[in-house]
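Below, each chain spelled out in residue letters.
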Amino acid sequence: MLYPIMNRSRSLIDLGGVWQFQLGDETEPEDLWSGSQEMDLIAVPASYNDQKDDPAYRNHYGWAYYERTVVLPALLCGSNGQRQVLRFDAVTHVAKVYINGKLIMTHKGGFLPFEVEITDLIPEDGHLTIGVAVDNRISHSTLPIGNEGNIAFFGSDNPGIPSVEAAKLWRKKQNLPNFDFFNFAGINRPVRIYSTPASYIRDITLVPSIEGDTGVLNYEILTDGMDSDAPVTLKIIDAESNCKAEATGRKGELRIPQVHLWQPYPGTPYLYKAEVHYGEDCYTEEFGFRTVEVKGTQFLINGEPFYFKGFSKHEDSFFRGRGLDLCLDVKDINLLHWIHANSFRTSHYPYAEEIYRLCDREGIVIIDETPAVGIGAGESCDPYKTFPIREHHEQVLRDLIARDKNHPCIVMWSMGNEPDTEHFPESAYDYWHSLYEFTHSLDPQNRPVTFVCCQNNYEKDIVTRTMDVVCLNRYYGWYNLSGDLEAASYAWNLELDFWEKIGKPVMMTEYGADTLAGLHNCAPEMWSEEFQVELYKMYSKAFDGRDFFIGEQAWNFADYATLQGCMRADGNRKGIFTRDRRPKLIAHYFRDRWEHIPNFHYKNKNNS
Ligand code: BDP
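Cut-off values and rules
Residues numbered from 1 in each chain as written. Predicted model: local features only at pLDDT ≥ 70, side-chain atom pairs only at ≥ 80, totals over all residues. Heavy atoms only, no water. Pairing = 2+ DSSP bridges. Helix = DSSP H or I, 4+ residues; strand = E, 2+ residues; numbered from the N terminus. Near = heavy atom within 4 Å. Polar contact = N/O pair within 3.5 Å; in protein donor to acceptor, adjacent residues only side chain to side chain. Areas by Shrake-Rupley, 256 points an atom, 1.4 Å probe, with all protein chains shown as cover. Nonpolar A, V, L, I, M, F, W, Y, C, P; charged D, E, K, R; others polar. Salt bridge = Lys/Arg side-chain N within 4 Å of Asp/Glu carboxyl O. Buried < 20%, exposed > 50% of the residue type's maximum accessible area, 1.4 Å probe, protein only. Contact = heavy atoms within 4.5 Å. Axes fitted to C-alpha atoms, helices over the stretch in contact; angles between N-to-C directions. Parallel < 35°, antiparallel > 145°, perpendicular 65-115°, else oblique. Left-handed = near helix turned anticlockwise from the far one by under 90°. Expected span 1.5 Å × (residues − 1). Phe/Tyr/Trp six-rings, centres within 6.5 Å; stacked < 30°, edge-to-face > 60°. Lys NZ or Arg CZ within 6 Å of the ring centre and 35° of its normal. Domains from an automatic or database assignment.

J.: Explain the sheet that holds strand β20 (residues 292–295) residue by residue, including any values.
T.: Taking strand neighbours across the sheet as the criterion, the three strands line up as β20-β21-β22 in an open arrangement whose pairing is antiparallel. A strand with exactly one partner marks an edge of an open sheet, and here the two such strands are β20 and β22 (304–305). Judged from the two bridges that link them, strand β21 (residues 298–301) and β22 form a sheet pairing that is antiparallel. Note on β22: the bridge partner recorded for Leu 300 is Pro 305.

J.: If you had to explain the pairing of strand β8 (residues 102–108) to someone new, which residues and values would you point to?
T.: Pairing between strand β7 (residues 94–99) and β8: six bridges, direction antiparallel. Paired with Tyr 98 across the strands is Leu 103, a residue of β8. The loop that links β7 with its antiparallel partner β8 comprises two residues; one of these, Asn 100, has a positive phi angle of about 45 degrees.

J.: Break down the site of the ligand for me, citing the residues and quoting the values.
T.: Near the ligand there are 13 residues, and of these Asp 180, His 348, Glu 418, Tyr 479 and Lys 574 occur at the shortest range. With respect to the ligand, the side chain of Glu 418 contributes an N or O atom lying 2.5 Å from an oxygen atom. Measuring from an oxygen atom of the ligand, one finds a side-chain N or O atom of Lys 574 at 2.5 Å. Coverage of the ligand by the protein amounts to 90% of the 320 Å² it exposes when considered alone. Broken down by class, the residue content of the shell around the ligand amounts to four nonpolar, four polar and five charged.

J.: Can you tell me about the pattern of salt bridges, naming the residues and giving the values?
T.: Evaluated as defined, the whole model comprises 41 salt bridges. Ionic pairing is found between Glu 253 and Arg 255, a salt bridge with its closest N-O pair at 3.3 Å. Here Glu 253 falls in the partly exposed class, since its relative accessible area comes to 45%. The class for Arg 255 is partly exposed, based on a relative accessible area of 41%. Across the pair Arg 581 and Asp 332 runs a salt bridge whose closest N-O atoms are separated by 2.8 Å. Of this pair, Arg 581 sits in the loop between β30 (549–555) and α10 (585–595) while Asp 332 sits in helix α3 (residues 326–338), placing them 249 residues apart in sequence.

J.: Talk me through the side chain of His 348; I want residue IDs and the actual numbers.
T.: Structurally, His 348 is set in the loop between β24 (343–345) and α4 (353–362). A polar contact of 3.0 Å, which involves the side chain of His 348, links it to the side chain of Glu 369. Filtering out sequence-adjacent residues up to four positions away, His 348 remains in contact with Phe 181, His 314, Glu 369, Thr 370, Pro 371, Val 373, Asn 417, Glu 510 and Trp 555.

J.: Give me the lowdown on the sheet that holds strand β29 (residues 506–510), citing residues and values where you can.
T.: The strands making up a sheet are joined through hydrogen bonds of the backbone, oriented either antiparallel or parallel. Ordered in space as β23-β24-β25-β26-β27-β28-β29-β30, the eight strands form a closed barrel in which the pairing is parallel. Sheet twist, expressed as the average angle between the axes of neighbouring strands with direction ignored, equals 25 degrees. Sheet topology note: the strand β23 (residues 308–312)/β24 ladder contains three bridges and is parallel. The residue bridging Phe 311 from the neighbouring strand is Phe 344, located in β24.

J.: Break down the packing of helix α6 (residues 390–404) against helix α7 (residues 425–442) for me, with residues and values.
T.: Closest axis-to-axis distance for the α6/α7 pair is 10 Å, and the angle between their directions is 25 degrees. Classified by the angle their axes make, α6 and α7 are roughly parallel. For α6 against α7, the interelement crossing comes out right-handed. Between α6, through Arg 390, His 393, Glu 394, Leu 397, Arg 398 and Ile 401, and α7, the contact on the second element is made entirely by Asp 430, Tyr 431, Trp 432, Ser 434, Leu 435, Phe 438, Thr 439 and Leu 442. Of the residues contributing to the contact of α6 with α7, the split by class is seven nonpolar, three polar and four charged.

J.: I'd love a proper account of α6, names of residues and values included.
T.: A rise of 1.5 Å per residue sets the reference length of α6, with its 15 residues, at 21 Å; its end C-alpha atoms lie 21 Å apart and thus fit the reference within 8%. Within α6, the full set of buried residues consists of His 392, His 393, Glu 394, Val 396, Leu 397, Leu 400, Ile 401, Arg 403 and Asp 404. Taken together, the buried residues of α6 touch β8, α4, β25 (365–369), β26 (410–417) and α7.

J.: Please give an account of the packing of aromatic side chains that cites residues and values.
T.: Taken as a whole and judged by the stated rule, the model has 48 aromatic pairs. The positively charged end of Arg 390 is found above the aromatic ring belonging to Tyr 431, 5.1 Å away from the centroid. Of note, Arg 579 hangs over the ring of Phe 318, and the distance from its end group to the ring centre comes to 4.6 Å.

J.: With reference to specific residues and values, describe the environment of Glu 534.
T.: As for its position among the elements, Glu 534 is in helix α9 (residues 529–544). Residue Glu 534 is classed as partly exposed on the basis of its relative accessible area of 30%.

J.: Please set out the domain arrangement of the protein chain residue by residue, giving values where relevant.
T.: Here the protein chain is partitioned into domain 1 (12–144 + 179–195), domain 2 (199–290) and domain 3 (308–595). For domain 1 and domain 2, the distance between their C-alpha centres works out to 34 Å.

Shown next as structure tokens:
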């Protein structure tokens, strides 16, 4: 799906601003709906939960309603040969969209865009009332997974106490996320109306490769509309605005001698533009020439062994919740540069398109993840046989790759985070390995595919080892062997001996310790800034001794909001930065360490 842009053939109206809002309940919205007089104000895009200091907003369960009336300019109304498309970049988790009171579409999944053509629904006077009903409920059939049967995430209730069991049945229905980030909901990303000519460019697929110093670009352009005979033309423009190659036709191959590669920062993330024309329509897509490949225990970018330095992140901030905040995105990219990081994972869902576009420009490498987090329910229930998620998971992968396939910054797909791979190893294998093959089949650039392995019994797990890269989340020294870093180091090294024999590249996608900024201790104890530093030093030492180890992504880039709980003090505090982006002691440690770790050839010196 193409990102909405404004150019000579396409207009773009951003519907961000103050909308009207009302909380609902579990009642399914009708097919005809329009707002009432008593609606509150709400900012879009942003999650609704923290916009009013009211537990009803924060802890809401069920539907909520948004509405806004706009008057479109006359040139966008009537039969002017243009298509008008209403696009939502993300509504979390289910959206029902109404135009002038009538339901026009329903979409499931809270982190990917959807759109609908509204040309024929716009009245002559241009008055358009857009209504959106949003459902924030999570369950065994949504991604991410919500617990059913009143089980809290951290299992903090001792099972079997009669009064507690009775209270669980009595209490109000609520979301019980099987994941550790706040279930922020609402219209989290922009809402826009864009126009195209009646015959238009529907999609562009770019597959760059490199032969010697020549860049080879395979491309395919999909068009739609009546005017099927109009020629499709494609020009490749370099960063100095020179046309380097051109072609006619919907599909083909172009060659660019002395090509500039897209390299992770501090290399140059060189971008070319693919300028496509079809009839009256045109669209420009940026792309880069870079290759990705897993070879033995190496992860190669442009043929050279790469070392990941960085974080798993969240979309999370004060007031906005998970709402798009471009200022924060720019700040975060600058902090990534400051700390000499080169990468992050979009834990635990696809992020807003704007951050990928920034990372293309800034040379930050991304592992792009789906919202498949929380697939597991303890020893007694096989989630792969009982959770109705497979079809939705496939749809999410299809939509994710359709949206993100051309970004040079994306070097690997993560199909999900920390599923149960221990209790039902064969079911886990069947589920994840077939999905791995499916994901490969979807990506025109055939990037490596993985999922992120939970800290469970890695010997029983038979599927993680079949991924292109073994990605590990480990909490030795925190949840396991808490506070005892010597024992943690012993255990972690034993585990590394196991992975060494598997013969795959292995990297860390999460490790860390909750740390209260400002809490200091000469003898490093848990929750102090000194303990966080000592824990990371212990891990670094182990990474540096292992050639097959290809990267370190700390948990988490910044402190972030979670469901309240007895293990969380105003959210998860494992940030390297605080939630308002101040560095903890550990940030200075990483800044120094990563300054001395090059992007390429840090490891595998013997077999490169
Ligand atoms: C891991 C999860 C991550 C959590 C982290 C933690 O993947 O989402 O937030 O643990 O507990 O299991 O901090």
